[in-house]
Amino acid sequence: MTTPADICVTADWILPVDRPPIRHGMITIADGRIASLHSIDDPTQFREDRGDTQCKQCVRYGNVAILPGLINAHTHLDLSGWSHTFAGRPKLWEWIPEVVRFRRSESYHPGQAIEDGLRAALAGGAVATVDVIPPDWLTWDWPHEKREGWTDDRAWLPKSGLTRLRVFSFIECLAPTGVMRIPPSELFDRHRKACLRLGWHPAISPHAPYTVPLEILEEVVKLAEDRDLILAMHLAETAEEVLFLATGEGPFREMLEKLSAHKPGVFRPGRTLKDVLKVLCRAPRVLIIHGNYLTEPEISLLSRFADRVAVVYCPRSHEFFGHAHYPLEQFLTASIPVLVGTDSRASHPDLSIFGELQAARRRHPELKAETIIRMGTTDAARFLDCDGDLGRLAVGRPATFSVIELPSRYESDDPYEAVLSSQSHVRAVWIDGDVVYEHRGA
Ligand SMILES: [Zn+2]
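Reading the values: the criteria
Residues numbered from 1 in each chain as written. Predicted model: local features only at pLDDT ≥ 70, side-chain atom pairs only at ≥ 80, totals over all residues. Heavy atoms only, no water. Helix = DSSP H or I, 4+ residues; strand = E, 2+ residues; numbered from the N terminus. Rg over C-alpha atoms; globule rule 2.2 N^0.38 Å. Buried < 20%, exposed > 50% of the residue type's maximum accessible area, 1.4 Å probe, protein only. Contact = heavy atoms within 4.5 Å. Pairing = 2+ DSSP bridges. Axes fitted to C-alpha atoms, helices over the stretch in contact; angles between N-to-C directions. Parallel < 35°, antiparallel > 145°, perpendicular 65-115°, else oblique. Nonpolar A, V, L, I, M, F, W, Y, C, P; charged D, E, K, R; others polar. Phe/Tyr/Trp six-rings, centres within 6.5 Å; stacked < 30°, edge-to-face > 60°. Donors = N, O, S within 2.8 Å, 3.2 Å for Na, K, Ca; no water. Core = buried A, V, L, I, M, F, W, Y, C linked by side-chain atoms within 4.5 Å. Domains from an automatic or database assignment. Salt bridge = Lys/Arg side-chain N within 4 Å of Asp/Glu carboxyl O. Polar contact = N/O pair within 3.5 Å; in protein donor to acceptor, adjacent residues only side chain to side chain. Buried area = accessible area lost by both parts, 1.4 Å probe.

A.B. asks: Looking at this structure, I do not really get the overall build of the chain. What am I missing?
C.D. replies: Along the chain, the regular secondary structure elements total 15 helices and 16 strands. In terms of overall size, the chain behaves like a compact globule, its C-alpha atoms giving a radius of gyration of 22 Å where 442 residues would be expected to give roughly 22 Å. Overall, the C-alpha framework of the chain stretches about 80 × 50 × 45 Å when taken along its three principal axes. Split into buried and exposed, the 442 residues of the chain put 57% on the buried side. The contacts of the chain with a sequence gap of at least 6 include a subset with a gap of at least 24, amounting to 75%.

A.B. asks: Please explain the side chain of T28 as it appears in this structure.
C.D. replies: Turning to its location among the elements, T28 is positioned in strand β2 (residues 22-30). For T28, a relative accessible area of 4% translates into the label buried.

A.B. asks: Could you clarify how one ought to interpret the pairing of strand β7 (residues 126-133) in this entry?
C.D. replies: Along β7, 8 of the 8 residues are buried, which leaves the element largely enclosed by surrounding structure. Relative to β7, strand β6 (residues 70-75) is paired through 4 bridges, and the arrangement is parallel. Looking at β7, one finds that T75 is bridged to D131.

A.B. asks: Is there a simple way to think about the packing of helix α6 (residues 239-247) against helix α7 (residues 251-258) in this case?
C.D. replies: Between two packed helices, the angle of one axis relative to the other and the distance separating the axes together describe the packing. Following both chains from N to C, one finds α6 and α7 inclined at 80°, their axes separated by 8 Å at the closest point. Considered as vectors, α6 and α7 are oriented roughly perpendicular to each other. In contact with E240, E241, L243 and F244 of α6, α7 contributes P251, F252, R253 and L256. Classifying every residue of the contact of α6 with α7 gives 5 nonpolar, no polar and 3 charged.

A.B. asks: Quick question: what am I supposed to make of the packing of helix α8 (residues 273-280) against helix α9 (residues 296-303) here?
C.D. replies: Closest axis-to-axis distance for the α8/α9 pair is 10 Å, and the angle between their directions is 10°. Here α9 runs roughly parallel to α8, going by the angle between their axes. Mapping the contact onto sequence places L273, K274, L277 and K278 in α8 and P297, E298, L301 and L302 in α9. The residue makeup of the contact of α8 with α9, split by class, is 5 nonpolar, no polar and 3 charged.

A.B. asks: Looking at this model, I keep getting lost on the packing of aromatic side chains. Mind explaining?
C.D. replies: The relation between two aromatic rings is expressed through the spacing of the ring centres and the mutual angle of the planes. Enumeration over the complete set of coordinates arrives at 11 aromatic pairs. Relative to F321, the ring of F320 lies with its centre 4.9 Å away and its plane at 85°, an arrangement referred to as edge-to-face. Classification of F320 by relative accessible area gives partly exposed; the value is 22%. Judged by centre distance (5.8 Å) and plane angle (55°), the rings of Y326 and F331 are tilted. Its relative accessible area of 0% is what places Y326 among the buried residues.

A.B. asks: Whenever I open this one, the coordination of the zinc ion confuses me. Can you help?
C.D. replies: Angles at a metal have ideal values that depend on geometry: 109.5 degrees with four tetrahedral donors, 90 or 180 degrees with six octahedral donors. Bound to the zinc ion are the protein donor atoms H74 (NE2), H76 (NE2) and H234 (NE2), situated 2.1 Å from the metal. In the primary sequence, the donor residues of the zinc ion line up as H-x1-H-x157-H. Residue H76 is found in the loop between β6 and α1 (92-103), and its partner H234 is found in strand β10 (residues 230-235); the two are separated by 158 residues along the sequence. What makes H76 buried here is its relative accessible area of 9%.

A.B. asks: Where do I start with the nonpolar core in this structure?
C.D. replies: Where a protein is soluble and globular, its nonpolar side chains tend to be buried together. Within the largest apolar cluster, 108 residues are counted, with the highest numbers of intra-cluster contacts made by I204, L217, L235, L280, I288, L294 and V419. The leading source of residues in this core is helix α5 (residues 214-227), at 7 residues. Two domains each donate at least three residues to this core, and these are domain 1 (7-68 + 392-438) and domain 2 (70-383). Apart from the residues lying within four places of it in its own chain, the contact partners of L294 are L235, A236, L273, L277, I288, I299, L302, P327 and F331. Core analysis: the second largest hydrophobic core is formed by 20 residues, W82, L92, I96 and Y108 among them.

A.B. asks: What exactly am I supposed to notice about the pattern of salt bridges here?
C.D. replies: Two side chains that carry opposite charge are able to pair once their charged atoms sit near each other. Tallying each qualifying case throughout the model produces 27 salt bridges. Its salt-bridge partner being R103, residue D78 comes within 2.8 Å of it at the nearest N-O pair. On the criterion of sequence distance, the pair formed by D78 in the loop between β6 and α1 and R103 in helix α1 is long-range, its members being 25 residues apart. Here D78 falls in the buried class, since its relative accessible area comes to 1%. As a salt-bridge pair, D136 and R181 come within 3.3 Å of each other at their nearest N and O atoms. Taken together, the positions of D136 in the loop between β7 and α3 (161-164) and R181 in the loop between β8 (166-173) and α4 (184-198) put the pair 45 residues apart, joining distant regions of the chain. Each of the salt bridges in this network shares a partner with another, and the network as a whole consists of D18, R19 and R392.

A.B. asks: What's the story with the side chain of S80 in this structure? I'm lost.
C.D. replies: Looking at where S80 falls in the secondary structure, it is placed in the loop between β6 and α1. A polar contact of 2.7 Å, which involves the side chain of S80, links it to the backbone oxygen of L77. Residues within four places of S80 in sequence aside, it is in contact with A113, G117, R345 and L351.

A.B. asks: What exactly am I supposed to notice about the domain arrangement of the chain here?
C.D. replies: Quite often, the size of an interface is put as the accessible area lost when its parts meet. What the domain assignment reports for the chain is domain 1 (7-68 + 392-438) and domain 2 (70-383). When each unit is reduced to the centre of its C-alpha atoms, the spacing between domain 1 and domain 2 is 32 Å. Of the roughly 2,100 Å² buried between domain 1 and domain 2, counting both surfaces, carbon and sulfur atoms make up 68%. Scanning the region where domain 1 abuts domain 2 turns up 2 salt bridges. In this structure, the salt-bridge partner of R361 is E417, at a minimum N-O distance of 3.0 Å. Going through the elements one at a time, β5 (64-68), β14 (401-405), α15 (415-419), β15 (425-431) and β16 (434-438) are the ones with two or more residues in the side of domain 1 that touches domain 2. Considering only residue class, the side of domain 1 that touches domain 2 consists of 14 nonpolar, 6 polar and 5 charged.

This is the structure:
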């Protein structure tokens with residue numbers, strides 16, 4: 001039976017992720033949704049002689065793989081205008097003051113940076129991005145407000161591409177001196193209102209254990225419980241964070257002092273990562289950002305909450321800081337979902353989630369490429385509660401996918417491996433049946 005369709009798209013491979021790969025695949029699209037999905041080698045599904053290719057537009061990609069749209073699970077888009085370079089690998093407590101300085105400098109144009117960052121995220125294959133935004137954003141001067149919507153007149157980016165990218169925006173809570181300038185519930189209400197105008201999904205992020213004392217964290221977690229919010233926190237990013245929790249001393253204390261953000265007695269000593277996790281895990285959904293230095297006892301605690309907790313791994317940011325080996329296998333063995341993010345331009349060369357998945361493959365050859373691709377698609381969509389729309393390719397679901405150009409020759413007969421080859425790149429991104437990004441050039 002001929003499927004009435006607006007568009008048909010063919011590709012050497014379609015990887016629905018939740019089902020086996022489809023060789024010589026075809027997706028037909030009607031009203032922005034997938035009308036059919038099959039192999040053109042299958043005569044029960046496809047017959048050229050009966051006009052099965054009749055549709056308004058045919059896109060024949062050839063040597064590509066089509067995946068569910070990729071999800072970038074951690075960014076700080078306001079830092080996309082960053083240009084500072086470090087000699088060697090900075091320590092986190094050396095790097096944070098540079099970020100603070102940058103945010104106070106004349107080179108910081110956050111509205112423009114977010115627009116540029118979203119454009120870079122799309123070019124990196126993302127259809128959705130999880131962003132942590134500083135509370136000051138509520139008072140920013142936005143360049144797009146001076147124009148007609150977020151349209152872009154550059155030929156390579158079809159109009160409104162940026163507004164089609166799904167943004168999960170986490171308002172950052174900071175209270176190094178023991179108080180928040182605006183109480184968490186009021187801050188979140190203002191954030192939610194601003195997000196609604198932009199079509200973003202609002203959420204909340206207490207920054208880290210050295211900027212948010214446990215008492216304030218309790219308050220933010222209570223808010224997340226009351227409003228059913230996703231909560232994200234930078235946790236166990238360095239070993240010195242554990243020292244700070246235990247003693248209130250060390251390089252993080254010195255950093256807070258230098259930033260005039262230290263008040264004696266605010267961070268009571270004698271605390272552990274487990275104490276923080278026990279509070280965090282009361283929230284309805286928790287995204288642990290990094291978790292680089294979580295060890296067996298904490299991982300086993302987290303595994304009890306694996307239905308609502310995930311960690312986000314940023315492989316190239318991890319390399320930038322020269323951290324110890326990432327406990328990726330331990331998380332996966334404990335059935336804790338691991339998502340993948342780029343982190344910001346302040347610790348990262350670009351905002352390509354596809355580049356990040358390639359880096360994860362390179363750094364963890366023990367894992368199957370398929371597992372890594374699931375982390376950036378299905379697992380992320382499930383955690384963010386958008387798996388009704390994203391994370392899988394199936395009939396009736398939105399035609400939202402990332403198109404990856406494969407190398408002209410690849411050794412493996414596993415298409416997932418070919419996708420994560422160092423020579424593959426993002427060819428296009430489709431959202432709801434429209435091309436919103438197309439790679440131009442060689
Ligand atoms: Zn971060």
